[in-house]
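Observations on chain architecture
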Amino acid sequence: VELTDNGNLNETVYLTFADGATGNQGLETDPGLTYNPSTNILSTTASQANYADLAEKYVSDEEYLPGTIVMFGGSQEITIATEKTKAVAGVISEKPAYLMNSGLTDTLALNVALQGRVQCKVKGNINKGDMIVVSDVSGVGIADNDPKLGTVVGKALQSYNSEEVGTIEVVVGRL
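Residues numbered from 1 in each chain as written. Predicted model: local features only at pLDDT ≥ 70, side-chain atom pairs only at ≥ 80, totals over all residues. Heavy atoms only, no water.

Brief notes about the nonpolar core
Counting 18 residues, the largest nonpolar core has Ile69, Val91, Ile126, Val153, Ile168, Val170 and Val172 as its most contacted members. Elements with a contribution of two residues or more to this core: β5 (69-72), β7 (88-92), β9 (109-126), β10 (131-134) and β13 (160-172). Here the element with the most residues in this core is β9; it accounts for 5 residues. Listed in part, the 8 residues of the second largest apolar core include Val70, Ile78, Leu110 and Val112. (Core = buried A, V, L, I, M, F, W, Y, C linked by side-chain atoms within 4.5 Å. Buried < 20%, exposed > 50% of the residue type's maximum accessible area, 1.4 Å probe, protein only. Helix = DSSP H or I, 4+ residues; strand = E, 2+ residues; numbered from the N terminus.)

Observations concerning the environment of Gly73
Here Gly73 lies in the loop between β5 and β6 (78-80). Residue Gly73 is classed as partly exposed on the basis of its relative accessible area of 23%. Gly73 sits 85 residues away from Gln158 along the chain, and the two C-alpha atoms are 29 Å apart. Sequence-distant contacts of Gly73, defined by excluding residues within four places in its chain, comprise Ile78 and Thr79. (Contact = heavy atoms within 4.5 Å.)

Side note on unusual backbone geometry
Excluding glycine, residues mostly have negative phi values, and the peptide bonds linking residues are mostly trans. Here Lys84, not a glycine, exhibits a phi torsion of approximately 55°, which is positive. Tracing the sequence through the fold places Lys84 in the loop between β6 and β7. Residue Lys84 is classed as partly exposed on the basis of its relative accessible area of 42%. Non-glycine residue Asn101 carries a positive phi angle of around 60°. Note that Asn101 resides in the loop between β8 (98-100) and β9. You can call Asn101 partly exposed: its relative accessible area is 40%.

Concerning the packing of aromatic side chains
The full count for this structure, using the stated rule, is 1 aromatic pair. Between Tyr58 and Phe72, the ring centres sit 5.7 Å apart and the planes meet at 75°, which makes this aromatic pair edge-to-face. One end of the pair, Tyr58, is in strand β4 (residues 53-59); the other, Phe72, is in strand β5, with 14 residues separating them in the sequence. With relative accessibility at 14%, the residue Tyr58 sits in the buried group. Taking the relative accessible area as the measure of exposure, Phe72 reaches 40% and is therefore partly exposed. (Phe/Tyr/Trp six-rings, centres within 6.5 Å; stacked < 30°, edge-to-face > 60°.)

As for the pattern of salt bridges
Tallied over the entire structure, the rule returns 4 salt bridges. Measuring nitrogen to oxygen at the nearest pair gives 3.5 Å for the salt bridge that ties Asp144 to Lys84. Taken together, the residues Asp144 in the loop between β11 (141-143) and β12 (154-156) and Lys84 in the loop between β6 and β7 connect sequence positions 60 residues apart. The class for Asp144 is buried, based on a relative accessible area of 16%. A single network of salt bridges, built from pairs that share partners, joins Lys123, Asp136 and Glu163. (Salt bridge = Lys/Arg side-chain N within 4 Å of Asp/Glu carboxyl O.)

Concerning the sheet that holds strand β2 (residues 27-36)
To summarise the sheet geometry, strands pair through backbone hydrogen bonds and adopt either a parallel or an antiparallel arrangement. Taken in spatial order, the 3 strands line up as β1-β2-β3 in an open sheet, and their pairing is antiparallel. The sheet is open, and its two borders are formed by β1 (13-18) and β3 (41-43), each paired with just one other strand. For this sheet, the mean angle separating the axes of adjacent strands, direction not counted, is 45°. Bridging between β1 and β2 involves 5 bridges; their strand directions are antiparallel. Across the sheet, residue Val13 finds its bridge partner in β2, namely Tyr35. (Pairing = 2+ DSSP bridges. Axes fitted to C-alpha atoms, helices over the stretch in contact; angles between N-to-C directions.)

Structure representation (structure tokens):
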């Protein structure tokens, strides 16, 4: 079989699979799994993901570590969140299950978890199920079970009790 580059053609092609890794094998296609080389779009249905959050890339005013709570503002789209802000954007995600706006190539385009489970920097006494808002330490959450509208980062999935900054898993986007 002769292979040719058709990366510029606007056509649907079907990915081909072999029955085995070596030797003389049969070839198969799956009509539910297609690719268009001119648009770089792979069409299929995902039934699972290795990670647990939905994130979107936003341009930040500087680099922030995963788990940092960010807000809309600063000199770019997002910046580190400050105490009790009503402009909470989300939490910096290390490995999102699904990443929107992934084509954003700015060097300071960071993955911001908008929904799902993600590690979050916290301090203080937090019980599983507590609502998390930004503390007096920028980018770090605390428990607040009577928060103001727009200040909630998410809900704690783990308990924590220390005045030192640590990380716990939270569900972002859930009130």
